[in-house]
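Structural features, examined
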Amino acid sequence: MNFTFHRKRISGIFVVVPENERSFVEEMKNFNFPLARSLKLKEVMGFDKRRIVPPGACVSDLAVFGLQRLFEQGWLKQGDIDALLLVTQTPDHFMPATSSLIQGRLGLKQDMLCLDINQACAGFVIGLMQAFMLLEQESVRKVVLINADVLSRKASPKDRNIYPLIGDAASITILERDTQDSVIYSNLKADGSRAEALMIPAGGLRLPSTPETAVLEDVGDNNLRAKDHVFMDGSAIFNFVQTEVPPLIESLLAWAGISTDSVDYFLCHQPNRFMLQKLADKMKLSYAKMPNNIVEHFGNSGSVTIPTLIAFNLGERLLKETLHVCLVGFGGGLAWGAMLLDLGKLDFNAIVEYKENHEYA
Amino acid sequence: MNTLEFCQRLADILDIVEVKPENVLGEFEQWDSLAVLSVLAMVDSKYRVTIRANEIRSVVTVGDLAKLVEAKLGEAKQKQ
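Calculation criteria
Residues numbered from 1 in each chain as written. Chains lettered and ligands numbered in written order. Predicted model: local features only at pLDDT ≥ 70, side-chain atom pairs only at ≥ 80, totals over all residues. Helix = DSSP H or I, 4+ residues; strand = E, 2+ residues; numbered from the N terminus. Rg over C-alpha atoms; globule rule 2.2 N^0.38 Å. Buried ≥ 20, exposed ≤ 12 C-beta atoms within 10 Å, placed from the backbone. Contact = placed C-beta atoms within 7 Å. Pairing = 2+ DSSP bridges. Axes fitted to C-alpha atoms, helices over the stretch in contact; angles between N-to-C directions. Parallel < 35°, antiparallel > 145°, perpendicular 65-115°, else oblique. Left-handed = near helix turned anticlockwise from the far one by under 90°. Nonpolar A, V, L, I, M, F, W, Y, C, P; charged D, E, K, R; others polar.

Before going further, it helps to examine the overall build of chain B. Along its length, chain B carries four helices and zero strands. Overall, chain B shows an N-to-C arrangement of helices and strands of α-α-α-α. Here the C-alpha atoms of chain B give a radius of gyration of 12 Å, agreeing with the 12 Å that 2.2 N^0.38 yields for 80 residues. Referenced to the eigenvectors of the C-alpha coordinate spread, the extents of chain B come out at roughly 40 × 25 × 20 Å. For chain B, buried positions account for 20% of its 80 residues. The contacts in chain B between residues at least 6 apart in sequence include a share of 52% that link residues at least 24 apart.

A word on the overall build of chain A. Within chain A, the secondary structure is distributed over 10 helices and 17 strands. Here the C-alpha radius of gyration of chain A, 20 Å, is about what a compact globule of 361 residues would show, namely 21 Å. The dimensions of chain A, computed from C-alpha atoms along their principal axes, are 60 × 50 × 35 Å. Across the 361 residues of chain A, 47% fall into the buried class. Contacts in chain A between residues far apart in sequence, at least 24 positions, make up 78% of those at least 6 positions apart.

A few words now on the sheet that holds strand β5 (residues 83-87) of chain A. Residues and elements named next belong to chain A. With mixed pairing, the six strands of this open sheet are ordered in space as β6-β5-β7-β8-β2-β17. Whereas interior strands pair on both sides, the edge strands pair on one side only; in this sheet they are β6 (113-117) and β17 (348-354). Pairwise comparison of adjacent strand axes, ignoring direction, gives a mean angle of 15° for this sheet. Note that strand β2 (residues 8-18) and strand β8 (residues 169-177) share eight bridges and pair antiparallel. Note on β8: the bridge partner recorded for Lys8 is Arg177. Those strands touched by helix α9 (residues 305-314) are β2, β7 (142-149), β8 and β17, and its axis lies near 90° from that of β2.

Residues and elements named next belong to chain B. Between helix α1 (residues 3-14) and helix α4 (residues 62-79), the shortest axis-to-axis distance is 11 Å and the interhelical angle comes to 115°. One finds that α1 runs roughly perpendicular with respect to α4. Here the hand of the crossing between α1 and α4 comes out right-handed. Between α1 and α4, the residues in contact are Thr3, Phe6, Cys7 and Leu10 and Val62, Ala66 and Val69, respectively. Of the residues that constitute the contact of α1 with α4, the class distribution is six nonpolar, one polar and no charged.

Our focus in this paragraph is the interface of chain B and chain A. How big an interface is tends to be stated in terms of accessible area lost as the parts join. Tallying the contact residues gives 12 residues for chain B and 15 residues for chain A. Of the residues forming the side of chain B that touches chain A, the biggest block, eight residues, is contributed by helix α2 (residues 33-47) of chain B. Residues that form the side of chain B that touches chain A fall into these classes: six nonpolar, three polar and three charged.

Written out as structure tokens, the structure reads:
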């Protein structure tokens with residue numbers, strides 16, 4: 001499904017990562033797993049360092065921390081926020097919306113929209129689309145898009161298929177109208193018939209959490225997981241990405257009437273190095289043009305990986321320059337989407353560490 | 001499809017000198033989830049067909065895997 005947006009822009013990106021860093025090779029020693037194979041996984045998949053939240057930390061904690069830093073820096077004024085969108089799979093509560101909790105904790109104005117969006121790794125592209133749609137309204141001048149997840153809290157520490165890969169993080173992206181006559185193209189797809197490939201089976205109302213859903217079950221290969229934990233069918237997701245993502249990008253470029261040469265970077269969701277290299281191979285793109293170095297530094301943080309990629313690799317550069325980029329998200333839902341836009345002349349583009357004992361104002 | 005060439009590509013993935021069609025995949029020490037992903041990727045790039053992970057899980061020997069790829073190549077030809 002195609003979308004276009006006119007005279008809209010991203011004006012700043014700010015990423016919050018927990019200060020607590022874990023090492024993949026060290027963590028794999030907790031599993032009955034040969035060191036040589038851990039090292040091979042590190043080399044091929046890029047699993048190395050990742051950040052996870054301290055016990056008890058929630059999405060709103062990361063978001064409030066980040067927004068307060070932005071207010072302190074003078075990069076964002078409290079009263080300027082007309083809409084607060086939060087994309088998360090790990091909300092503080094079932095109800096109310098975590099975006100409302102963030103608004104309340106920060107004492108933001110009442111004359112605004114707070115909206116939670118339940119999306120996974122395609123959630124940066126989907127959040128941007130929603131934000132751009134809101135900016136069509138005259139009364140909405142500035143949208144704050146927060147992408148945040150603390151999925152490490154829902155992963156079984158005894159499941160090496162997923163636990164040593166996950167990173168927690170939050171990003172804050174500011175969206176405004178553009179005075180330039182810019183056009184943004186986007187393409188989005190969904191396939192709920194494959195929803196079970198990425199799922200937390202229990203804890204909702206279909207299968208409420210009980211002592212039984214907390215019982216660790218042997219799921220093969222000496223991995224233990226409960227129904228309360230996140231499940232990912234890694235190889236099904238690999239198939240999905242290799243099959244669906246190249247045509248998505250190709251059709252977006254065809255619709256926009258440009259070739260891959262006119263795109264400076266393809267900034268994809270970051271599940272692991274291997275998957276992104278295979279994607280680049282399939283699309284005949286150099287690895288430099290489709291960077292894959294986020295999982296090795298921060299882990300896979302769902303919809304936060306694309307803003308992390310932007311801030312980590314292009315932090316300083318995008319303060320001065322403007323690049324033509326293609327953002328590509330894919331994952332749970334299943335959902336996959338791409339967006340072609342000019343990104344640059346940002347007011348800020350940085351990563352900050354979340355401190356555990358931060359005192360809120 | 002050249003079975004010898006397929007075996008060599010599999011041997012490269014498993015980081016061993018040689019694999020034979022009669023070898024049982026599960027008996028290779030290196031036959032893990034990463035090897036499965038690598039096979040999916042290799043088949044996709046070298047043979048331009050898509051096999052699914054659950055299809056790989058149901059094959060026993062190297063020869064069975066080669067036959068699976070061959071069957072996919074046949075299906076792809078029919079579609080053309």
